[in-house]
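Observations on the model geometry
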Amino acid sequence: MATTYEAIATVTVGSGGAASMDFTNIPQTGYTDLLIKYSGRVNAAVDPTLKIIFNGSTSGYSSRVLAGDGTAAISFTGSTAYAYGGYVCNSNHTANTFSNGQIYIPNYTSSNNKSVSVDDVIETNATESYVFLAGSLWSNSAAITSISLDPVNADLVQYSTATLYGIKKD
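Here goes a summary of the coordinates provided. (Residues numbered from 1 in each chain as written. Predicted model: local features only at pLDDT ≥ 70, side-chain atom pairs only at ≥ 80, totals over all residues. Heavy atoms only, no water.)

**Side note on the overall build of the chain**
Counting its regular elements, the chain contains zero helices and 12 strands. Each helix (α) and strand (β) of the chain, taken in turn from the N terminus, gives the series β-β-β-β-β-β-β-β-β-β-β-β. The C-alpha radius of gyration of the chain comes to 16 Å, within 12% of the 15 Å expected for a compact globule of 170 residues. Along the first, second and third principal axes, the C-alpha atoms of the chain reach 45 × 35 × 35 Å. Of all 170 residues assigned to the chain, the portion counted as buried reaches 42%. Across the chain, the fraction of contacts at a sequence separation of at least 24, relative to all contacts at a separation of at least 6, is 78%. As presented, the chain carries roughly 7,900 Å² of accessible surface, and 48% of it is formed by carbon and sulfur atoms. Charge centroids of the chain, computed over 7 positive and 12 negative side chains, lie 8 Å from each other. (Helix = DSSP H or I, 4+ residues; strand = E, 2+ residues; numbered from the N terminus. Rg over C-alpha atoms; globule rule 2.2 N^0.38 Å. Buried < 20%, exposed > 50% of the residue type's maximum accessible area, 1.4 Å probe, protein only. Contact = heavy atoms within 4.5 Å. Areas by Shrake-Rupley, 256 points an atom, 1.4 Å probe, with all protein chains shown as cover. Lys, Arg positive; Asp, Glu negative; His and termini not counted. Charge placed at Lys NZ, Arg CZ, Asp CG, Glu CD.)

Below, the structure is given as C-alpha cells:
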C-alpha cells in the first residue's frame, strides 16, 4: 500500500522570536496520520525540553523518555501537562546550531487515545551531542485539531521552523 506525505503548513519564527510554533485548523479528512519535522533553538540557557500540546489541553499526558549524550543515558517516565517533543538547542550550545527532530502522530482523528513518538538530535560542535527518543500518550478521545510546540521557560529564536505533514494511505 502506497503512503503519501503532503505538507499542510509550515511555521518559521521571525526576527523577534516566538513563544511557540502553532498549527491550527488541522484538516480532519484526507489523512490518517500526522508528521511534524522541526528545527529549533531557544534564546536562554534553560531546560531544552520542547512541549507538545494538543487542542490547548494541559492534562492527560504520560510519557516515557530515553536520552543520551554518548557518555551517559537518562530514562524516565511521567505524567505532565504536555507530551515530550524532544530537546532544542539553547544558548549553552554552539552558536547558530539548531536541533532537528520529528514527531509522528498516528490516527489523529480517531476517538481513541492518541499516541506520539519523537526522535530528536542536538549536536553542539563542542563537548556533547544528544539523542532523544520519547513515546507519549494523550488520554483523550478528541480528534487533534491544533498542535503547539512550546519550549520550557524560553522563546524560540529566529529561523526555528516546523512543517506539519498529513499522511494519506492510498
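Back to the text.
**Digging into the pairing of strand β9 (residues 114-123)**
In β9, alternate side chains face the same way, and those of Lys 114, Val 116, Val 118, Asp 120 and Ile 122 are buried while those of Ser 115, Ser 117, Asp 119, Val 121 and Glu 123 on the opposite face are not. Direction of pairing for strand β8 (residues 99-105) relative to β9: antiparallel, over a ladder of five bridges. Residue pairing for β9: Gly 101 is matched across the bridge by Asp 120. For β9 and strand β10 (residues 129-138), the ladder comprises 10 bridges, and the chain directions are antiparallel. Across the sheet, residue Ser 115 finds its bridge partner in β10, namely Leu 137. (Pairing = 2+ DSSP bridges.)

**Notes on the pairing of strand β7 (residues 83-87)**
Across the five residues of β7, five count as buried, placing the element largely inside the fold. Pairing geometry for strand β4 (residues 49-54) and β7, over three bridges, is antiparallel. Within the sheet, the bridge partner assigned to Thr 49 lies in β7 and is Tyr 87.

**Overview of the nonpolar core**
Ile 52, Phe 54, Ile 103, Ile 105, Ile 147 and Leu 149 are the most contacted members of the largest nonpolar core, which totals 40 residues. In terms of residue count, β4 provides more of this core than any other element does, four residues in total. (Core = buried A, V, L, I, M, F, W, Y, C linked by side-chain atoms within 4.5 Å.)

**Considerations on the packing of aromatic side chains**
Between two aromatic rings, the relevant description is the distance of the centres plus the angle of the planes. On inspection of all chains with the given rule, the structure shows seven aromatic pairs. With centroids separated by 5.4 Å and ring planes inclined at 40 degrees, the aromatic side chains of Phe 54 and Trp 138 adopt a geometry described as tilted. Here the residue Phe 54 occupies a position in strand β4, and Trp 138 occupies one in strand β10, the gap between them amounting to 84 residues. Each member of the pair, Phe 54 together with Trp 138, is buried. Judged by centre distance (5.3 Å) and plane angle (65 degrees), the rings of Tyr 82 and Tyr 84 are edge-to-face. By relative accessible area, Tyr 82 is classed as buried at 15%. (Phe/Tyr/Trp six-rings, centres within 6.5 Å; stacked < 30°, edge-to-face > 60°.)

**Examining the sheet that holds strand β5 (residues 61-68)**
Strands sit in the order β1-β12-β3-β8-β9-β10-β5-β6 across an open sheet of eight strands; the sheet is antiparallel. Edge positions in the sheet fall to β1 (3-12) and β6 (73-80), since each of these pairs with one other strand and no more. Strand-to-strand twist across the sheet, computed as the mean angle between neighbouring axes with direction ignored, equals 15 degrees. Inspection of the sheet shows β5 paired to β6 by eight bridges, in the antiparallel sense. From the neighbouring strand, Tyr 61 faces β6, where its bridge partner is Thr 80. (Axes fitted to C-alpha atoms, helices over the stretch in contact; angles between N-to-C directions.)

**Let's talk about the sheet that holds strand β2 (residues 21-23)**
Backbone-to-backbone hydrogen bonds join strands into a sheet, with any given pair of strands oriented parallel or antiparallel. With respect to topology, four strands assemble into an open sheet ordered β2-β11-β4-β7, the strand pairing being antiparallel. Of all strands in the sheet, those with a lone pairing partner are β2 and β7, marking the two edges. Adjacent strand axes in the sheet meet at a mean angle of 20 degrees when their direction is disregarded.

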